[in-house]
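Next come the chains, spelled out residue by residue.
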Amino acid sequence: MDYDTYGSNAVELAIDLANADREDPGWVRAFLDAHTEWFTDGTSLSLPEQDAGQVAQTATLIRDVALAESEPDVMARLNALLALASPRPYATDHDGELHLHYARPDAGAVEQLTTTVAMGLSQVVVQHGWQRLGVCSAEGCGNVYVDTSRNASRRYCSNTCASRSTVAAYRARKRA
């Protein structure tokens, strides 16, 4: 599967958000600090509690899209995520390469984040199919991933989870 660099990076941002460890009370700030390259210069990453709740809602909606089991379900969940977005695309070459940004440059951190992940995720679903989003099949994992394999057969979020599952299945067969 092949998709544009900025769009693929926006999808990876969405996946990172869906997989963020929300057990830590400071998870939103840690997430934003780890992804500062996505925000225009001067954007405040200090969020009031209400805005942090919106980031959590966005993360939940991304996971919900990946968990959907039918196209109508994906579309309903994706549209719920898109309803939170305020797209106002503009072209830029700030990094030396011409590409689109999805949120207006003066938007706050939550608007920039939500719009970017919603637009990136929607492009993958619309262009490559809703089955390209999934949740890891490894026992105890549950991470969201985008299936970029040629035949859309991916079941694990990483080679580590795939290997762990293969070894566990082998050992279970040996015991039996």
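Rules used in this analysis
- Residues numbered from 1 in each chain as written.
- Predicted model: local features only at pLDDT ≥ 70, side-chain atom pairs only at ≥ 80, totals over all residues.
- Heavy atoms only, no water.
- Salt bridge = Lys/Arg side-chain N within 4 Å of Asp/Glu carboxyl O.
- Helix = DSSP H or I, 4+ residues; strand = E, 2+ residues; numbered from the N terminus.
- Buried < 20%, exposed > 50% of the residue type's maximum accessible area, 1.4 Å probe, protein only.

Novice: Before we move on, could you go through the pattern of salt bridges and cite the residues and values that matter?
Specialist: In this structure the tally under the stated criterion is five salt bridges. Between R29 and D33 there is a salt bridge; the shortest N-O distance is 2.9 Å. Within this pair, R29 and its partner D33 are both found in helix 2 (residues 27–34), separated by four residues, close to a single helical turn. Taking the relative accessible area as the measure of exposure, D33 reaches 39% and is therefore partly exposed. The partner of R132 in a salt bridge is D147, with the nearest N and O atoms 3.9 Å apart. You can see R132 sitting in the loop between helix 5 (109–128) and strand 3 (133–135) and its partner D147 sitting in the loop between strand 4 (144–146) and helix 6 (159–175), a full 15 residues away along the chain. For R132, a relative accessible area of 11% gives the class buried. A relative accessible area of 1% means that D147 is categorised as buried. Overlapping salt bridges bring together R104, D106 and E111 as one network.

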